[in-house]
Amino acid sequence: MPSDTSSHPAWGTPVAAIAAPPLVPPAAPSPAAPAAGPEDSAAQRGAHETRAILESVHDLRTLLADARPIALAPGHEIIACSRPMRELLEQADQVANTKATVLIEGESGTGKELLARLVHCRSARAHGSFVRVNCAALSESLVESELFGHE
């Protein structure tokens, strides 16, 4: 997972940027069901669907067997199965040990808030409050003003 640590020109403080990959890998396409002919019964179609579901359950269990669950707090847990996710969690541990401002970017639903909680819980500031802010709902100037002070 690429990360970049630099100094933000407007704020003058170190910024560690981390791109969050999806928490759940995309599902593999299911095998196509054979074309239903007039001779196929509902029982045969049901058996095929059941077999496909059981194969999916087996695949998910295999995937989770290598998972590394990390409990942050009750109801907040990250499960890392893939190499990119494990690398991301290692990066989170690295930046948690610094005083750098951390910018976490990613698509909606990728677990940015969970990653932010992980960094907070592993940092020297873990005893303090964790404040969640939806920056998308604020103007750029207000975000800069509130989070990084007035210039």
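Rules used in this analysis
- Residues numbered from 1 in each chain as written.
- Predicted model: local features only at pLDDT ≥ 70, side-chain atom pairs only at ≥ 80, totals over all residues.
- Heavy atoms only, no water.
- Helix = DSSP H or I, 4+ residues; strand = E, 2+ residues; numbered from the N terminus.
- Polar contact = N/O pair within 3.5 Å; in protein donor to acceptor, adjacent residues only side chain to side chain.
- Axes fitted to C-alpha atoms, helices over the stretch in contact; angles between N-to-C directions.
- Parallel < 35°, antiparallel > 145°, perpendicular 65-115°, else oblique.
- Left-handed = near helix turned anticlockwise from the far one by under 90°.
- Contact = heavy atoms within 4.5 Å.
- Nonpolar A, V, L, I, M, F, W, Y, C, P; charged D, E, K, R; others polar.
- 1 Å grid on protein atoms, 1.4 Å probe; cavity = no way out; pocket = protein on both sides within 12 Å on 5 of 7 lines; lining within 4 Å.
- Points joined across faces, edges and corners; volume = space filled by probe spheres on them.
- Salt bridge = Lys/Arg side-chain N within 4 Å of Asp/Glu carboxyl O.
- Buried < 20%, exposed > 50% of the residue type's maximum accessible area, 1.4 Å probe, protein only.
- Core = buried A, V, L, I, M, F, W, Y, C linked by side-chain atoms within 4.5 Å.

Draft legend 1. Quick look at the side chain of threonine 110. Summarising the element assignment, threonine 110 is placed in the loop between β5 (101-105) and α3 (112-122). A distance of 2.8 Å separates the side chain of threonine 110 from the backbone oxygen of glutamate 107, its partner in a polar contact.

Draft legend 2. View of the packing of helix α2 (residues 83-96) against α3. Look at α2 against α3: their axes get within 8 Å of each other, and the N-to-C directions meet at 40°. As far as their axial angle goes, α3 and α2 are oblique. Like other packed secondary-structure pairs, α2 and α3 cross with a definite hand, here right-handed. Touching Leu88, Leu89, Ala92, Asp93, Val95 and Ala96 of α2 are Leu115, Leu118, Val119 and Arg122, all from α3. For the contact of α2 with α3, a count of residues per class yields eight nonpolar, no polar and two charged.

Draft legend 3. Representation of the layout of surface pockets within the structure. Quantified by volume, the largest pocket comes out at close to 1,500 Å³. Lining the largest pocket are 36 residues, and of these Val102, Leu103, Ala116, Val131 and Leu147 sit closest to its centre. Contributions of two or more residues to the lining of the largest pocket are made by α2, β5, α3 and α4 (140-148). Within the lining of the largest pocket, the residues separate by chemical class into 20 nonpolar, eight polar and eight charged.

Draft legend 4. Highlighting the pattern of salt bridges. Within this structure, the stated rule accounts for four salt bridges. Ionic pairing is found between glutamate 87 and arginine 83, a salt bridge with its closest N-O pair at 3.6 Å. Of this pair, glutamate 87 and arginine 83 both sit in helix α2, four residues apart, roughly one helical turn. Classification of glutamate 87 by relative accessible area gives partly exposed; the value is 31%. Across the salt bridge formed by arginine 132 and glutamate 113, the nearest N and O atoms sit 2.7 Å from each other. Note that arginine 132 is positioned in the loop between α3 and α4 and glutamate 113 in helix α3, a separation of 19 residues in sequence. Under the relative-accessibility criterion, glutamate 113 is labelled partly exposed at 30%.

Draft legend 5. Up close: the nonpolar core. Core analysis: the biggest nonpolar cluster contains 14 residues, and Ile78, Met85, Leu89, Ala92, Leu115, Leu118 and Val119 have the highest contact counts within it. Counting residues per element, this core draws most heavily on α2, at six residues.

None of this, on its own, says anything about what the molecule does.
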